[in-house]
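Coordinates in review
Here is what each chain is made of, one letter per residue.
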Amino acid sequence: MQAEKVIETFKRAGALLQGHFILSSGMHTAVYLQCAIALQSPEVAAEFGRAIADNFRNDWIETVASPAIGGLIIGYEVARHLGARFIWTERQQGQMTLRRGFTVRKSERLLVVEDVITTGGSTRETIEALVAAGAQVVAAASIIDRSGGMADVSVPRFCLATLDVPIIAAQDCEACKRGIPATKPGSRVTAQ
């Protein structure tokens, strides 16, 4: 799948937003990808999932894992196309852990999939939780890498498309300095 088609799909769905946003990392940006808007179409989720899975067909992936919530839809689709099991992690008291009831076998080969990688924090924390549980994480994948290839997640990475979108610390944000309120996408909460 060509990167241009991925970006165009986000644009057509109204999932590529322009404005002043706060990311889950606390950083600010002028461009936000509302992946859930694009992935609400089962056809789009299946197409993206198949495209990611095609890159890992020969890697003997046994399980696909995703950090909740952002990666659940695409992670499931990748697992479905690979014929692999699907599990996810969640934050409990600020720490990423396997979702209640999920386990991994020692040396089980996992692929970690997320919708968008910005800083790589959620993916990295998911990898750390899986490795601590005994799994072998062989790679990470995402629909979009908005870090411009700079996020380090400690394993090889694959993405369908890369955006080089600046992220800015709140104290350095020019929009904040001008009094423009920042929106946390997916919520009605605004902050400055």
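Predicted model, so just to flag it, every value in this text is computed and none were measured.

1. Considering the sheet that holds strand β7 (residues 136–145)
On the basis of which strands lie adjacent, the open sheet formed by 6 strands has the order β5-β4-β3-β6-β7-β8 and mixed pairing. Only two strands of the sheet have a single neighbouring strand rather than two, namely β5 (95–98) and β8 (157–162). On average, each strand axis in the sheet is tilted by 25° relative to the strand beside it, whichever way the strands run. By the bridge criterion, 5 bridges tie β7 to β8 in an arrangement that is parallel. Paired with D145 across the two strands is T162, which belongs to β8. Each of β7 and β8 is contacted by helix α3 (residues 42–54), which is oriented at about 135° to β8, the strand it contacts most. Together, β3 (63–67), β4 (85–92), β5, β6 (109–117) and β7 form the strand contacts of helix α5 (residues 121–132), whose direction differs from that of β6 by roughly 160°.

2. With respect to the environment of K106
Tracing the sequence through the fold places K106 in the loop between β5 and β6. What makes K106 exposed here is its relative accessible area of 75%. Separated by 25 residues in the primary sequence, K106 and V131 place their C-alpha atoms 9.1 Å from one another.

3. Quick word on α3
Given a rise of 1.5 Å per residue, 13 residues ought to cover 18 Å, and the 18 Å separating the end C-alpha atoms of α3 matches this to within 8%. In this fold, the buried residues of α3 make contact with α1 (3–13), α2 (35–39), α4 (72–82), β7 and β8.

4. A look at the confidence of the model for the chain
Note: predicted coordinates in regions of low pLDDT should not be interpreted at a detailed level. Looking at the chain, the pLDDT average stands at 90 and 96% of residues meet or exceed 70. Here residues 188–192 is a poorly scored stretch, pLDDT under 50, and it has 10 contacts once near neighbours within four places are set aside; other chains count.

Cut-off values and rules
- Residues numbered from 1 in each chain as written.
- Predicted model: local features only at pLDDT ≥ 70, side-chain atom pairs only at ≥ 80, totals over all residues.
- Heavy atoms only, no water.
- Pairing = 2+ DSSP bridges.
- Helix = DSSP H or I, 4+ residues; strand = E, 2+ residues; numbered from the N terminus.
- Axes fitted to C-alpha atoms, helices over the stretch in contact; angles between N-to-C directions.
- Contact = heavy atoms within 4.5 Å.
- Buried < 20%, exposed > 50% of the residue type's maximum accessible area, 1.4 Å probe, protein only.
- Expected span 1.5 Å × (residues − 1).
- pLDDT = per-residue confidence, 0-100.

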